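Here's the letter readout for the chains.
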Amino acid sequence: MFSEAKLNKVKEIIARYPQGKQKSALLPVLHLAQEEFGGWLSAETMDYVASLLQITPIEVYEVATFYSMFNMKPVGKYVFEVCHTGPCMLRGSDNIVDYIKKKLDINVGETTKDGLFTLKTVECLGACGYAPMMQLGKHFREHLTPERVDEIINECRVNAN
Amino acid sequence: MGRKLLLDKAHIENIRYYDVYRANGGYESAEKALKMTPELVLDEVKKSGLRGRGGAGFPTGMKWSFIAKPEGVPRYLVCNADESEPGTFKDRYLMEFLPHLLIEGLLISSYTLGANSCYIYIRGEYAWIPDILEEAIADAKKNGWLGKNIQGTGFDLEIYVQRGAGAYICGEETALIESLEGKRGNPRIKPPFPAIKGLWDCPTVVNNVETLAAIVPILRIGGEEYAKYGTGKSTGTKLISACGNINKPGVYEIEMNISVEEFIYSEEYCGGIANGKRLKACIPGGSSVPIVPANLLLKTAKGETRMMTYESLSDGGFATGTMMGSGGFIVLDEDQCIVKNTLTFARFYHHESCGQCSPCREGTGWMERVLKNIEKGKGKMSDIDLLWDIQRKIEGNTICPLGDAAAWPVAAAIRHFRDEFEWHVLNPEESQVRNFGLAHYADPLEIAAPAAV
Ligand SMILES: Cc1cc2nc3c(=O)[nH]c(=O)nc-3n(C[C@H](O)[C@H](O)[C@H](O)COP(=O)(O)O)c2cc1C
Ligand code: SF4
Ligand code: FES
């Protein structure tokens, strides 16, 4: 269940659309829900979102599974989403992916045993001029090098404690 | 220095805040527009010759004049900030550093179209930008540029920011509208066009961020004056996001009257190829446009200087030309592998296909698999022809242009670099340890002698 503040936020979002078009709030509310409930969308969470917007659960499932930013299963506390599309590849994103794999001892799509890190490869994030890069939470980490990756991993470990 | 119209004030410290923007001439175009009739504003936009900056280059004034105006039905303006075409990161720059320029453009455009609600649909991964935009919207509202009875004109406008959630296809305007309605991003069959039946079945105009920002300088200097910038039908300035193997990747505003050579090699722009390497190929308009080898990039097939304009970039059609597209300018140096580069794009389109049409859904996956085999040294000669056949079967046979966008990069790569594909097939082991190099696509600038292959 959302807090009072989050419920008000949902109301505010619904008010952006004409009467009866509250389904339009689905993507923004799913973002809120994913942030609030552990970084992924369980069936329970999606059913809750359906009830909030007065739509059927299937309308939520079909949308949630369509968009790559919605996680359908649990992920680590920190998700490294490394871009590997052309422009990033041209500037060495493959090396960055390999480096992270070795450093964290996981493959792409896996989470470290301590549940701290998940490694994903993603398609172009609109940072091609600052490649190689990854998304980490709300922000981009750009101009990656092995040293930068080390720093980021350390930073996450410190923040997790 | 080239003349600038969008980024002319980008260097001013704190220009992203209302007070600084206003003190530097901000909202003066809006002031002017609100004193004119919407018809007169539309005339200025038509006179400017502005063409959509999202990729297709459709004349903006004409698009606006198509909007249906049935009595009692609301109209909407949707700002396309989905920016997901690989190589493109210019709209992000505008929104991060000049949010009020966009808001002023949205105000003038909404006024012209008679829209009282405007939605900015921004790709979900730009997760920090909505905060910047929402702060700017709140400040604009506080100062009487949004909300009810704007500047005493009786015109009302609200602007809302909506985040997508990771789907390239939502940049296609009808998929974007579906997504705004809280659905999967499945493109609609056109017609009806959004100008007749768009968001919630109401008349809707969808325009790119840069297009809408360009409305501000058009009102400032007038449509006729704007049309004096650039060349021929490529009027005004264009933002180019440059990336790949160049010395100075970044976002540049160019007047559309400079050569491709100047753009790549001058210090004002890309600063030349990185690490002293030579130019091999370029994809000048985002991943969807044809790749061209160096020898066709700087000069057209007729031997004319290739210019950074819509017309010159597409000179020669797909046989020897390419497209301006979204302005995502991707440069490949002599060490890059065309097969690998094409593979990453094929994988991208496969990943991003919405799955509604079988040629796109199946064809993109098939192309990815065949390319992967060739790249890994497991390809056959017949695979190259197979790839050619698959892309031919996708092109023109789908609901939306994503199918074409997936087909063209593969077609262009084979058209111009067939010997590199063949080399991969014939040298399965060698191709795993080194790249093909420049071969006959020698750098026409002859900065150094062509590499021996
Ligand atoms: C697959 C696909 C993706 C697109 N992505 C974008 C995009 O990210 N941003 C954009 O402005 N236009 C994009 N477009 C073009 C839009 O459909 C539409 O033409 C554009 O927003 C119109 O704005 P403009 O006339 O100002 O260029 C895309 C088109 C297709 C087919
Ligand atoms: S062409 Fe591809 S992306 Fe476009 S509607 Fe068809 S399947 Fe979907
Ligand atoms: S290709 Fe990686 S951000 Fe665009």
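Residue numbers here run from 1 along each chain, matching the order of that chain's written sequence. Throughout, the order in which chains and ligands are written sets their labels, letters from A for the former and numbers from 1 for the latter. Where local features are concerned, this predicted model is filtered to residues with pLDDT of at least 70; where side-chain atom pairs are given and counted, the filter is 80 or more; whole-chain, interface and lining totals use all residues. Note: side-chain values were computed over all heavy atoms of the structure, leaving out hydrogens and water.

Observations concerning the overall build of chain A
Then, in step 1: Counting secondary structure elements, chain A contains 7 helices and 4 strands.
Then, in step 2: In sequence order, the secondary structure elements of chain A are arranged as α-α-α-α-β-α-α-β-β-β-α.
Then, in step 3: Along the longest, intermediate and shortest principal axes, the C-alpha atoms of chain A span 50 × 35 × 25 Å.
Then, in step 4: Relative accessibility under 20% of the residue-type maximum defines a buried residue, over 50% an exposed one, and the middle range a partly exposed one, all with a 1.4 Å probe and only protein chains included. Looking at chain A residue by residue over its 161 residues, the buried ones come to 51%.
Then, in step 5: To measure how exposed things are, a 1.4 Å probe is used in the Shrake-Rupley method; for residues, cover is taken only from the protein chains shown. Put simply, chain A shows about 7500 Å² of open surface, and 50% of that area lies on carbon and sulfur atoms.
Then, in step 6: Here the positive residues are Lys and Arg and the negative ones are Asp and Glu; neither His nor the chain ends is included. Throughout, a charge is located at the NZ atom of Lys, the CZ atom of Arg, the CG atom of Asp or the CD atom of Glu. Each charge sign in chain A was given a centre, from 18 positive and 20 negative side chains, and these centres are 2 Å apart. Counting from the N terminus, the helices are the DSSP runs of H or I reaching at least four residues and the strands are the DSSP runs of E reaching at least two.

Structural notes on the overall build of chain B
Then, in step 1: In terms of helices and strands, chain B carries 19 helices and 11 strands.
Then, in step 2: Over its C-alpha trace chain B gives a radius of gyration of 23 Å, about what one expects of a compact globule, namely 22 Å for 453 residues.
Then, in step 3: Counting over 453 residues, chain B shows a buried share of 62%.
Then, in step 4: Throughout, a residue-residue contact means that at least one pair of heavy atoms, one from each residue, lies within 4.5 Å. Of the contacts made within chain B by residues no fewer than 6 positions apart, 70% connect residues no fewer than 24 positions apart. The size measure is the radius of gyration over C-alpha atoms, and the globule rule it meets is 2.2 Å times the number of residues to the 0.38 power.

Topic: the packing of helix H3 (residues 43-53) of chain A against helix H4 (residues 57-64) of chain A
Relative placement of two packed helices is described by the angle separating their axes and the distance separating the axes.
Residues and elements named next belong to chain A.
Then, in step 1: Angular values range over 0 to 180 degrees, each being the angle between N-to-C directions of two axes fitted as lines to C-alpha atoms, with helices fitted over their stretch in contact. Their axes nearest at 8 Å, the elements H3 and H4 cross at an angle of 120°. Classified by the interaxial angle, the pair formed by H3 and H4 is oblique. Between H3 and H4 the crossing geometry is right-handed. Only Pro57, Val60, Tyr61 and Ala64 of H4 make contact with H3, whose side of the interface consists of Ala43, Met46, Asp47, Val49 and Ala50.
Then, in step 2: Within the contact of H3 with H4, the residues separate by chemical class into 8 nonpolar, no polar and 1 charged. Note that the term roughly parallel is reserved for angles under 35 degrees, roughly antiparallel for angles over 145, roughly perpendicular for angles of 65 to 115, and oblique for everything else. Crossings are sorted by hand: turned counterclockwise from the far helix by less than a right angle, the near helix makes the crossing left-handed, and turned clockwise it makes it right-handed. Polar here means any residue other than Ala, Val, Leu, Ile, Met, Phe, Trp, Tyr, Cys and Pro, which are nonpolar, and Asp, Glu, Lys and Arg, which are charged; Gly is therefore polar.

Let's talk about helix H7 (residues 146-160) of chain A
Residue and element names in this part refer to chain A.
Then, in step 1: Over its 15 residues, H7 extends 21 Å from the first C-alpha to the last, a length consistent with the 21 Å expected when each residue adds 1.5 Å.
Then, in step 2: By the burial criterion, the buried members of H7 are Val149, Ile152, Ile153 and Cys156. Summarising the axial view, the buried residues of H7 lie within an arc of 100°, below the 170-degree limit, and thus occupy one face. For H7, the exposed residues lying more than 90 degrees away from the buried face are Glu147 and Val158.
Then, in step 3: Where the residues of H7 are buried, they touch strand S1 (78-83), helix H6 (93-104), strand S2 (117-122), strand S3 (134-136) and strand S4 (139-141). By this rule, a helix spans an expected 1.5 Å times one less than how many residues it contains. Taking the helix axis as origin, the arc is that swept by the directions to the C-beta atoms.

Quick look at helix H6 (residues 99-113) of chain B
Residues and elements named next belong to chain B.
Then, in step 1: With 15 residues, H6 extends 21 Å between its outermost C-alpha atoms, agreeing within 8% with the 21 Å of an ideal straight helix rising 1.5 Å per residue.
Then, in step 2: Taking burial as the measure, the 15 residues of H6 include 15 buried ones, the bulk of the element.
Then, in step 3: Once H6 finishes, Gly114 follows within two positions and takes phi at roughly 75°, a positive value.

Some details on the UniProt feature "binding site: [2Fe-2S] cluster" (unreviewed entry) in chain A
Residue and element names in this part refer to chain A.
Then, in step 1: The UniProt record annotates "binding site: [2Fe-2S] cluster" (unreviewed entry) at Cys83, Cys88, Cys124 and Cys128. In sequence the annotated residues extend across 46 residues, while in space they remain close, none of their C-alpha pairs exceeding 9.0 Å.
Then, in step 2: Setting aside its immediate chain neighbours within four residues, Cys83 contacts Cys88, Ser93, Val122, Glu123, Cys124, Leu125 and Met133.
Then, in step 3: Looking at the secondary structure, you find Cys124 in the loop between S2 and S3.
Then, in step 4: Look at Cys124 and you get buried, because its relative accessible area is 4%. UniProt positions are given in the numbering used here, feature names are shortened, and annotations may be inferred rather than shown by experiment.

A closer look at the site of ligand 1
Residue and element names in this part refer to chain B.
Then, in step 1: Close to ligand 1 lie 18 residues, the nearest being Gly54, Asn80, Asn207, Asn208 and Thr211.
Then, in step 2: Between ligand 1 and the protein, one listed contact pairs an oxygen atom with a backbone N or O atom of Gly54 at 2.7 Å.
Then, in step 3: Contact distances for ligand 1 include 3.2 Å between an oxygen atom and a side-chain N or O atom of Lys63.
Then, in step 4: The fraction of the free accessible surface of ligand 1 (610 Å²) that becomes covered by protein chains is 89%. Note on definitions. A residue lies near a molecule or strand when any single heavy atom of the residue is within 4 Å of it. Polar contact criterion, stated in full: a pair of N or O atoms within 3.5 Å, where within protein one must be able to donate a hydrogen and the other to accept it, and residues adjacent in sequence count only if both atoms are side-chain atoms.

Section: the domain arrangement of chain A
Then, in step 1: An automatic or database domain assignment supplies the residue ranges for each domain. We note that the domain assignment places domain 1 (4-66) and domain 2 (78-160) within chain A.
Then, in step 2: One C-alpha centre belongs to domain 1 of chain A, the other to domain 2 of chain A, and the line joining them spans 29 Å.

Some remarks on the site of ligand 2
Then, in step 1: Surveying the vicinity of ligand 2 reveals 13 residues, the closest of which are B:Cys354, B:Cys357, B:Cys360, B:Thr398 and B:Cys400.
Then, in step 2: Of the residues in the shell around ligand 2, the class split is 8 nonpolar, 5 polar and no charged.

Digging into the interface of chain B and chain A
Then, in step 1: Contacts between the two partners involve 56 residues from chain B, matched on the other side by 41 residues from chain A.
Then, in step 2: A buried area of about 3900 Å², summed over both sides, lies between chain B and chain A, and 57% of it is on carbon and sulfur atoms.
Then, in step 3: A 1.4 Å probe defines the accessible area here, and the buried area is the portion of it lost by two parts on being joined, summed over both. Three residues stand out in chain B for area buried against chain A, namely B:Ala165, B:Arg184 and B:Trp200, and they jointly supply 15% of the buried area on that side.
Then, in step 4: Note on definitions: salt bridges are taken to be side-chain nitrogens of Lys or Arg within 4 Å of carboxyl oxygens of Asp or Glu. At the surface where chain B touches chain A, the tally comes to 5 salt bridges.
Then, in step 5: Residue B:Glu134 pairs with A:Arg16 through a salt bridge whose shortest N-O separation is 3.9 Å.
Then, in step 6: Where chain B packs against chain A, one counts 27 residue pairs in polar contact (both at pLDDT 80 or more).
Then, in step 7: Breaking the side of chain B that touches chain A down by element, the ones donating at least two residues are strand S2 (117-122), helix H7 (129-142), strand S3 (158-163), helix H8 (173-180), strand S7 (237-244), strand S11 (328-333) and helix H15 (338-352) of chain B.
Then, in step 8: Considered class by class, the residues forming the side of chain B that touches chain A number 27 nonpolar, 16 polar and 13 charged.

Section: the sheet that holds S2(A)
All names here are of chain A.
Then, in step 1: By this definition, two strands are paired if DSSP reports at least two bridges between them. Here we have 4 strands laid out as an open sheet, ordered S2-S1-S3-S4, and mixed in their pairing. Both edges of this open sheet fall to S2 and S4, since each of them pairs with a single strand only. Strand-to-strand, the axes of this sheet are offset by a mean angle of 30°, without reference to chain direction.
Then, in step 2: Direction of pairing for S1 relative to S2: parallel, over a ladder of 6 bridges. The residue bridging Tyr78 from the neighbouring strand is Phe117, located in S2.

Observations regarding the packing of helix H16 (residues 358-375) of chain B against helix H17 (residues 381-394) of chain B
Residues and elements named next belong to chain B.
Then, in step 1: Put simply, H16 and H17 touch, their axes get as near as 10 Å, and they point 160° apart. Considering their axes alone, H16 and H17 lie roughly antiparallel with respect to each other. The element H16 and its partner H17 pack so that their crossing is left-handed. Of the residues in H17, those in contact with Pro359, Cys360, Gly363, Thr364, Trp366, Met367, Val370, Leu371 and Ile374 of H16 are Asp383, Ile384, Leu386, Leu387, Ile390, Gln391, Lys393 and Ile394.

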